[in-house]
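Tertiary structure, described
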Amino acid sequence: VFLIFFFINLGWFWDLLSGFVGIITPFLIGFLIAYILNFPYKFLYTKAFGKMGTKHAFLQKLRMPLSLVITYVGTFAIIVALIVVLIPQIINNLSNLVKEFPGYVNSAQEMLTVLTAQIAKMNLPFLQEVSVDDMVAGVTNFFMGSQDLTKSVLAWLQSFFSNAATGIYNSLMG
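Residues numbered from 1 in each chain as written. Predicted model: local features only at pLDDT ≥ 70, side-chain atom pairs only at ≥ 80, totals over all residues. Heavy atoms only, no water.

1. So, the overall build of the chain
Counted only if it meets this: To qualify as a helix, a DSSP run of H or I must reach at least 4 residues; to qualify as a strand, a run of E must reach at least 2; elements of each kind are numbered from the N terminus. A 1.4 Å probe rolled over the protein chains alone gives each residue an accessible area, and that area as a share of the maximum for its type sets the label: buried under 20%, exposed over 50%, partly exposed in between. Contact definition: two residues touch when any of their heavy atoms are within 4.5 Å. Surface accessibility follows the Shrake-Rupley procedure with a 1.4 Å probe radius. Residue values consider only the protein chains on display as shielding.
Helix and strand content of the chain: four helices and zero strands. Moving toward the C terminus, one meets the helices and strands of the chain in the order α-α-α-α. A total of 174 residues make up the chain; the buried ones form 14% of that total. By sequence separation, contacts in the chain at least 24 residues apart represent 60% of the contacts at least 6 residues apart. Entry remark: accessible area of the chain is about 13500 Å², with carbon and sulfur atoms responsible for 73%.

Now the structure itself:
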């Protein structure tokens, strides 16, 4: 009975689950970031600055804030370095993919034509009802449609990454 009720109200359960996941996701991300940053913090606090302040109490109080600041600055520097290195590479790869995509489509169409010709030579009984030309035309239409869709999606992605990189650069550099 519960299973039937569950399947009848599957949309309601799905909405409830997605709402719960939407609420809990920021907390999980925060815990994950804190867990990851705890390792460099503990290293700096215990190993790098462990002996700092053995003679002066003032330096002992600086261990924790200094370790925390260096952890945040180091993490931020790593993220910025990755963005500076990866975003131009992604934009370059997307540009190359947009330029080369028609060639990929033509190559796939040629391979499909050769494959269908070889299948037609086999004279298999279940393929007698299927026209090879219809198969090639269907796949060609699919590739042409996907080519247009891919060009528009890749152009949007290129614009998105370019604008995101510009926005991040401008916000960092002021």
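Now that the structure has been shown, the text picks up again.
2. Describing helix 2 (residues 10-48)
Going by this rule: Expected span, for any helix, means 1.5 Å times one less than how many residues it has. Throughout, the bend at a residue refers to the angle made by two axes, fitted to the seven residues ending there and to the seven starting there.
Under the 1.5 Å per step criterion, the end-to-end length of helix 2 is 54 Å for 39 residues, consistent within 8% with the ideal 57 Å. For helix 2, the principal kink sits at Ile24 and spans about 35°; a proline, Pro26, occurs within the next four residues. Taken together, the buried positions of helix 2 are occupied by Leu37, Tyr41 and Leu44. Check the buried side of helix 2 and you find it contacts helix 3 (57-121).

3. Regarding the packing of aromatic side chains
Note the cut-off: Classification of ring pairs rests on two measures: the distance between centres of Phe, Tyr or Trp rings, Trp counted by its six-membered ring, which must be within 6.5 Å, and the angle between planes, read as stacked under 30 degrees, edge-to-face over 60 and tilted in between. Only Lys NZ and Arg CZ are tested; either one counts as a charge over a ring when it is within 6 Å of the ring centre and within 35 degrees of the ring normal.
Across all of its chains, the model carries two aromatic pairs by this definition. Ring geometry for Tyr41 against Tyr45: centres 5.9 Å apart, planes inclined by 15°, an arrangement best described as stacked. Here the residue Tyr41 and the residue Tyr45 both occupy positions in helix 2, the gap between them amounting to four residues, near one helical turn. Since its relative accessible area comes to 18%, Tyr41 is described here as buried. A cation over an aromatic ring shows up here: Arg63 above the ring of Tyr45, its NZ or CZ 4.0 Å from the ring centre.

4. Comments concerning helix 3
Here helix 3 contains 65 residues, and its C-alpha end-to-end distance of 89 Å stays within 8% of the 96 Å for a straight helix at 1.5 Å per residue. Along its length, helix 3 shows its largest kink, about 45°, at Glu100, and proline Pro102 lies within four residues downstream of that point. All of the buried residues along helix 3 are Arg63, Ser67, Thr71, Ile87, Ile91, Leu94, Ser95, Phe101, Val105, Gln109, Leu112 and Thr116. One or two residues past the end of helix 3 sits Asn123, with phi positive at roughly 55°.

5. A closer look at a nonpolar patch on the surface
Which entries qualify depends on this criterion: By definition, no residue in a patch forms a salt bridge, and every one has over 30% relative accessible area; like charges are joined within 9 Å, nonpolar side chains (Val, Leu, Ile, Met, Phe, Trp, Tyr) within 5 Å. Salt bridges are counted wherever a side-chain nitrogen of Lys or Arg sits within 4 Å of a carboxyl oxygen of Asp or Glu.
The grouping of Ile78, Leu82, Val84, Val85, Leu86 and Ile90 at the surface amounts to a nonpolar patch, some 540 Å² of accessible area in total. Position of Val84 among the secondary structure elements: in helix 3.

6. As for the side chain of Ser67
By the element assignment, Ser67 lies in helix 3. By relative accessible area, which is 0% here, Ser67 ends up buried.

7. Re the side chain of Arg63
Convention followed: Only four residue types enter the tally: Lys and Arg on the positive side, Asp and Glu on the negative side; His and the chain ends are excluded. Pairs of N or O atoms within 3.5 Å make up the polar contacts considered here, provided that, within protein, one atom can donate a hydrogen while the other can accept it, and that residues adjacent in sequence are counted only when both atoms are side-chain atoms.
Within the element layout of this structure, Arg63 appears in helix 3. No salt bridge is formed by the buried Arg63, whose closest oppositely charged neighbour, Asp15, lies at an N-O distance of 49 Å. Of note is the side chain of Arg63, whose polar atom sits 3.2 Å from the backbone oxygen of Tyr45. Setting aside residues no more than four positions away along its own chain, Arg63 makes contact with Tyr45, Phe49, Gly50 and Met52.

Purely spatial values, then, with no claim about function.
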